[in-house]
Amino acid sequence: MSFSNPWGLLALLLIIPIVLLYILKKQHEDRTISSTMLWQQVVRDLQATRPWQRLRTRLLLILQILAVILFAVSLARPTWYGGSEGGVHYIAVMDTSARMQARDVKPSRMEAARNALLDFIQSMKPGDTLTLVQAGQQPFVIAGPSGNKGALKQAVSEIQPANGRADLIGAVQLAQTLLRDQSENNGRIHVYSDHFPSGLENQDNLVFHIASGNGQNAAVTHVGYEIGNESISVLSRVANYGLQRNITLELKIDGELQNVKDVHLPAGEEVNVYWSGIPTYAREIMVSISEEDDLMLDNIGMAAVSEEYQAKVLMATERNVYLERALSLREDIDLYKVNPDQTPESTDFHLYIYDCRLPEQLPEDGHIIAFSPSSHEQIGLAVEGEIRPVIATANTHARSFYPSLLQYVEPEGYQIARAGKMNVPEGFTVLLQDEGENPLLIAGEQEGRKIALFAFSLHESNLPLKADFPILVQNLLNWLLPPDIAFAGQIFAGESLQLECFPNVSRIIVTSPSGRKYDFDAYPAPVFYDTHDIGIYKISQQAGDQTYTGSFVVSVPTHEVSDLCTGSEVYTGKGGGIFEAAASPFGKDIWMTAGWTLLLLLLIEWQVYHHGT
Amino acid sequence: MKTFDAEFLQKLEHLALQGSKLIKGGTGGNRRSKARGSAIEFSDFREYTPGDDYRRIDWNAYARFERLFIKLYMEERETNITVFLDTSASMDSGEPNKGILAKKLAAVFAYIALANYDRVGIAALNEAVSDQLPYFSGKPGFYRALEFIDRLPFSGRTSLKSSITKFAPLQSRKGISIILSDFLARDGYLETFRYLKYQQQDIIAVQILSPEELDPRLSGALRLIDTETGESVDVEMTPHTLGLYKKTVHSYMEQLKNVCSNMEIACLQVSSEISLEQLVFEKLHQAGMIG
């Protein structure tokens, strides 16, 4: 048994004045009567039964003290967790999604769940053990298995709600796996969340504890912008996940209040709000809801206006219309063409495309795309003989290394008349191959340089005739020359971000909204994980004397966390149990029992006091 | 006392005290004697007292001694009726006041006695006989008695024993003693009854208690102060305590009733809230005190 509200035990202090009242002599009021002769007889009779009277007085005192104890216990809301004998292994899964920060359950869903979990740990019997799993963006074990209540409580108290989504199903699956490994047959999983996700029904050992209310929430679900010739236009989208209401929407540019609009939000609908006339020098756009609601986290939406940089690309080719057309889709590219035997005047290019033989000495910097290359010692490439005719198919394993390179590209159906039979140098991954697994397109990184090698000439395949070709080229360009140095303008809290960078960049520095700086080596491309804070992250890339700056926004996944009522339906299936956190978060709440016992005690006291028996 | 108007007094004319004692030494009353001889047989003389029937004055004796003497006969001797009225402080309590009812009842007994040609003496009691109206007869003296009763104050303690036993006029006079009291006397009443019996008195005991004494409506922690003695008792007024008190009152009244029954004493116990008419014409009659 444990107490949901231990502060209620302070009511035990009422025992002190009750005892004092019994100790202190009572003040008698004077009353003149005709004769006290018979009253003296009464007092003598009372004294004759004094032992019983004393007992009765003490009984009254005892009953009153018991009543106070029960009253205090009722206030403390004791909870009984059943009569298992111990030795049970539990796994507690704590939902840390942003929605757990909702305050429709006081003080918050997270705190209600935390208190309930602490109570549960307190109620664990000797021999019981518990493993604590945190269900965040990625589920992971944060403590246990352990029977040390102090350590477990400490771990629970340190759990902080995230600003993103939570993979609750993944966490339960992890818990089930752990339970199979850690417990033979009598384990149970207790999930502390604000909803019951579908797909977990009919699991005998699963108990859900729901901390959920009827939250009213509005959220800024999107902030986007368009840069015009003279100003920036902003589109913001506000969703209402509650009853009909009016809100005030504020627009701030680089921290300064720019505009305010009153917006009517019908119940359950989303409204677009447009802002115009924003100066082009704006870098940070923030749209926020002025009114408070049950989840404040999503009341702010942001967008970062990144600087654009022109990439210099040198293409050595006799003529390749397909490639030129595909490259021309990127407006931020300055394309320089040379004949294969010409030496470029400048070597300061971000990308070199060799639609011919590779030069023996590769440029000092810049990424490389080569078609039908010959053997190259610097790369470690060996091309020996030919294969013909071949049909190219995508290498399914490549997606795990470069998922974006073959994105939206058909995995098969490319006919090639003739291709060089090349090896796969160290650091390269095969993207396209023939039926004999001979590589036809490989990509890799060497000493900070990204290289993509086609084993064939575009003129000797039907690849440029396919609709997939420009997509493949754009994928390669996005990999080699990110259009924005942040690559992804917006991610959700808790998600990771691979930091793409320009060629010859040596250091990447990320500054979080709180001002914390993260310093990375540019190669291999680092992955930034610490995206807990909501806001604008600034990126700085150092390339010699030049510094590229940009930013990206970490926002709340409003589509998953802003609707506070989603998934809180009561689950009545086998093995599960739902308890409203606002009323009784966990287990069998026995305060009602204590309350009825208190009433019974008062009745007994009344009987003793008024009838003496 | 406004109660005693002509109509009320006329009703009382038809009533008579039911005494059982043979009376000696009285004048011509309506109570029959068990002495020998006929009804008109001369028995004795005694000196005239105001209120005596002047028709019985022996004028011959007056001629000889120049003093008024009354002839006494064996038949139809008058009876000495002594009304002992408790005027202690405890009687001056209750709502309705039990002392007032006792005074009215004393007047009623006096009038009934006078209407039946008996001699009436009234004694006011507290620790002793605080005041007394000597024996007299004849209805004209009723208003004197009424005035006497009316001006009696309530004070002092109740002590039936020390007061009645020291009432000298009672000695050697048979008759009827009427005690009007709450009988809340610390020295008891048994000795008093024995003394009166010894004095050959028929005893009529009327116990008057107030509603507050019979069924007190008290609550809380009280210090009860005795209006006579000033003594105090601390009592926690619980239903249990009040119940115990009512049992005590009932037991005390039963005890008085049993003592009276054993000693052939006519006893009546009433609450002061009873009306005088009901008390006189119903209760006293039912108790066999008047007929």
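None of these values were measured; they are calculated from a predicted model.

Draft legend 1. Structural context of the interface of chain A and chain B. If you look at the interface, chain A gives 24 residues, while chain B gives 29 residues. Of all the elements in the fold, those that place two or more residues in the side of chain A that touches chain B are β2 (29-33), α2 (37-48) and α11 (591-611) of chain A. No other element matches α2 of chain A, which puts nine residues into the side of chain A that touches chain B. For the side of chain A that touches chain B, the residue count by class is eight nonpolar, 11 polar and five charged. Bridge count between β2 of chain A and strand β9 (residues 220-226) of chain B: five bridges; the pairing is parallel. For Asp30 of chain A, the partnering residue across the bridge sits in β9 of chain B and is Arg223 of chain B.

Draft legend 2. Main features of helix α9 (residues 276-286) of chain B. Residue and element names in this part refer to chain B. Along α9, the positions that sit buried rather than exposed are Leu279, Val280 and Leu284. Along the axis of α9, the buried residues cluster in a sector spanning 90 degrees; they form a single face. Residues of α9 that are exposed and point more than 90 degrees away from the buried face comprise Glu277, Gln278, Glu282 and Gln286. Each element contacted by the buried residues of α9 is listed here: α3 (98-115) and β11 (266-271). In the segment just after α9, Gly288 is the residue with positive phi, at about 75 degrees.

Draft legend 3. Structural detail: the sheet that holds strand β8 (residues 201-209) of chain B. Residue and element names in this part refer to chain B. If you walk across this open sheet you meet the six strands as β6-β5-β4-β7-β8-β11, and the pairing is mixed. The sheet is open, and its two edges are formed by β6 (129-136) and β11, each paired on a single side. Between one strand axis and the next, the sheet turns by 10 degrees as a mean value, whatever way the strands run. Direction of pairing for strand β4 (residues 80-86) relative to strand β5 (residues 119-125): parallel, over a ladder of seven bridges. When the bridges of β5 are listed, Phe84 appears paired with Ala123. Lying over the sheet, helix α8 (residues 239-262) contacts β8 and β11, oriented at roughly 160 degrees with respect to β11.

Draft legend 4. Expanded view of unusual backbone geometry. The amide bond that connects Lys106 of chain A to the next residue, Pro107 of chain A, takes the cis arrangement and shows omega of -5 degrees. Relative to the assigned elements, Pro107 of chain A resides in the loop between β4 (89-95) and α4 (109-123). Along the chain, Glu95 of chain B connects to Pro96 of chain B via a cis peptide bond; the corresponding omega equals 5 degrees. Tracing the backbone through its elements, the reader meets Pro96 of chain B in the loop between β4 and α3. Even without being glycine, Ser372 of chain A reaches a positive phi, approximately 45 degrees. With respect to the helices, strands and loops of the structure, Ser372 of chain A is situated in the loop between β19 (367-371) and β20 (383-387). Positive phi is not limited to glycine here, since Glu437 of chain A has a value of about 60 degrees.

Thresholds, definitions, all that
- Residues numbered from 1 in each chain as written.
- Chains lettered and ligands numbered in written order.
- Predicted model: local features only at pLDDT ≥ 70, side-chain atom pairs only at ≥ 80, totals over all residues.
- Contact = placed C-beta atoms within 7 Å.
- Helix = DSSP H or I, 4+ residues; strand = E, 2+ residues; numbered from the N terminus.
- Nonpolar A, V, L, I, M, F, W, Y, C, P; charged D, E, K, R; others polar.
- Pairing = 2+ DSSP bridges.
- Buried ≥ 20, exposed ≤ 12 C-beta atoms within 10 Å, placed from the backbone.
- Arc of directions from axis to C-beta.
- Axes fitted to C-alpha atoms, helices over the stretch in contact; angles between N-to-C directions.

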